[in-house]
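Now for the letters of each chain:
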Amino acid sequence: MNLAIDFGNTCTKLALFEKYELKQKFVLEKLTVNNLNVVLTNHSVKNIIYSSVVQLESELEGFFQRHQALVLTAATPLPFQNQYLTPETLGKDRLAAVAAATHLFPNQTTLIIDAGTCITYDWLIEGRNYIGGNIAPGLQMRLNAMHEFTDALPLVENHWNEQYVGDSTMTAMQNGALLGTLLEVEGIIEWSSSKWKEINVILTGGNTDFFANHLKKKIFASPELVLLGLNKILDHNARLEE
């Protein structure tokens, strides 16, 4: 099996893959060497890959070195051509999501939308060339910003209203954030479809359900896209060493 690990700011996700089939997933507030030893004891793990947006403790780094784990960096060989001008600044979750697209839709053009704290849009052309993407504020960030950068606007809940015209300050802000973001995402999808004609749309991230329930265009929702992509990158590097 392959073990893919995604260290985030708030939690760590682990996934066990048998080839490309996700067999088991774990979500931990804090990953320890003891946790990893339990996983390796209970499962036959051949290769390990990890990606992190936080500084790892020395004990964890030592564990990964002993087990010859692959760490995802800007220099890691990828199953696609990366045309981003500043690859060292590109989020590892975005790299992994694009790698997953090469597996889900091989040789096809794909728009990957990660709807989390920020919303990222990334374009993979014909399954081979990653040309870059865009970054925009996410749903909660927009609501927070209206409150924090004004004197009068309150902090309101992230809530969808059926009416498109707000009839109070609360609903006006909610519509501005949620409806505005929904129309933005739909606009990006429509522009992409007009430019590339046939294009797949993959949606992932914490707000996947919201967009999946309200977008007009058919999309492929994949909450575990980053883990799937890490596994794809691990498999790609293993093949290079054969």
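Keep in mind that what you see is a predicted model, and the values were worked out from it rather than measured.

Reading the values: rules and limits
Residues numbered from 1 in each chain as written. Predicted model: local features only at pLDDT ≥ 70, side-chain atom pairs only at ≥ 80, totals over all residues. Heavy atoms only, no water. Pairing = 2+ DSSP bridges. Helix = DSSP H or I, 4+ residues; strand = E, 2+ residues; numbered from the N terminus. Contact = heavy atoms within 4.5 Å. Axes fitted to C-alpha atoms, helices over the stretch in contact; angles between N-to-C directions. Parallel < 35°, antiparallel > 145°, perpendicular 65-115°, else oblique. Nonpolar A, V, L, I, M, F, W, Y, C, P; charged D, E, K, R; others polar. Buried < 20%, exposed > 50% of the residue type's maximum accessible area, 1.4 Å probe, protein only. Phe/Tyr/Trp six-rings, centres within 6.5 Å; stacked < 30°, edge-to-face > 60°. Salt bridge = Lys/Arg side-chain N within 4 Å of Asp/Glu carboxyl O.

Caption draft 1: Up close: the sheet that holds strand β6 (residues 81-82). On the basis of which strands lie adjacent, the open sheet formed by six strands has the order β6-β9-β8-β7-β10-β11 and mixed pairing. Either end of the sheet is taken by a strand with one partner, and the two such strands are β6 and β11 (220-221). The strands that helix α3 (residues 92-104) touches are β6, β7 (110-115), β8 (118-125), β9 (129-137), β10 (200-204) and β11; relative to β8, the one it contacts most, it runs at about 45°. Contacting β7, β8, β9 and β10, helix α5 (residues 169-196) crosses the sheet at an angle of about 10° to β8.

Caption draft 2: Fine view of the packing of α3 against helix α7 (residues 225-241). Where α3 contacts α7, the two axes come as close as 7 Å, and the packing angle between them is 75°. Considering the angle they form, α3 stands roughly perpendicular to α7. Along the contact surface, α3 presents Asp-93, Leu-95, Ala-96, Ala-97, Ala-99, Ala-100, Thr-102, His-103 and Leu-104, while α7 presents Leu-225, Val-226, Leu-228, Gly-229, Leu-230, Lys-232 and Ile-233. The class makeup of the residues in the contact of α3 with α7 is 11 nonpolar, three polar and two charged.

Caption draft 3: Layout of the pairing of strand β1 (residues 2-7). In terms of burial, β1 is a largely internal element, six of the six residues being buried. Residues Asn-2, Ala-4 and Asp-6 of β1 are buried on one face, and the alternating residues Leu-3, Ile-5 and Phe-7, pointing to the opposite face, are buried as well. Of the strand pairs in this sheet, β1 and strand β2 (residues 12-18) are connected by six bridges, and their pairing is antiparallel. In the sheet register, Leu-3 faces β2, and the bridge partner there is Leu-16. In sequence, β1 turns back onto β2 through a hairpin of four residues. Strand direction decides the pairing type here: β1 and strand β4 (residues 47-52), joined by six bridges, are parallel. Bridged to Asn-2 within β4 is Asn-47.

Caption draft 4: Focus on unusual backbone geometry. Phi angles above zero are rare outside glycine, and Asn-107 is one such case at about 65°. As for its position among the elements, Asn-107 is in the loop between α3 and β7. A residue is classified by how much of its surface remains accessible, and Asn-107, at 58% relative accessible area, is exposed. Not every positive phi belongs to a glycine, and Lys-197 is a case in point at roughly 65°.

Caption draft 5: Just the environment of Asn-9, in detail. The topology assignment puts Asn-9 in the loop between β1 and β2. The exposure class assigned to Asn-9 is exposed, which follows from its relative accessible area of 68%. Here the alpha-carbon distance between Asn-9 and Ser-52, two residues 43 residues apart in the chain, equals 8.7 Å. Other than its neighbours up to four places away in sequence, Asn-9 contacts Val-53 and Val-54.

Caption draft 6: Geometry of the packing of aromatic side chains. Taken as a whole, this structure holds 12 aromatic pairs when the rule is applied. Relative to Tyr-50, the ring of Phe-7 has its centre 6.2 Å away and its plane inclined at 85°; by these criteria the two rings are edge-to-face. With a gap of 43 residues between them, Phe-7 in strand β1 and Tyr-50 in strand β4 connect regions that are remote in the sequence. Residue Phe-7 is classed as buried on the basis of its relative accessible area of 4%. Taken together, Phe-7, Tyr-50, Phe-63 and Phe-64 form an aromatic cluster joined through their ring pairs.

Caption draft 7: Representation of the pattern of salt bridges within the structure. Within this structure, the stated rule accounts for seven salt bridges. The residue Lys-23 makes a salt bridge to Glu-21 at a minimum N-O spacing of 3.3 Å. Residue Glu-21 is classed as partly exposed on the basis of its relative accessible area of 46%. Close ionic contact of Glu-184 with Arg-142 constitutes a salt bridge, the shortest N to O distance being 2.8 Å. Of this pair, Glu-184 sits in helix α5 while Arg-142 sits in helix α4 (residues 139-148), and the two are 42 residues apart along the sequence.

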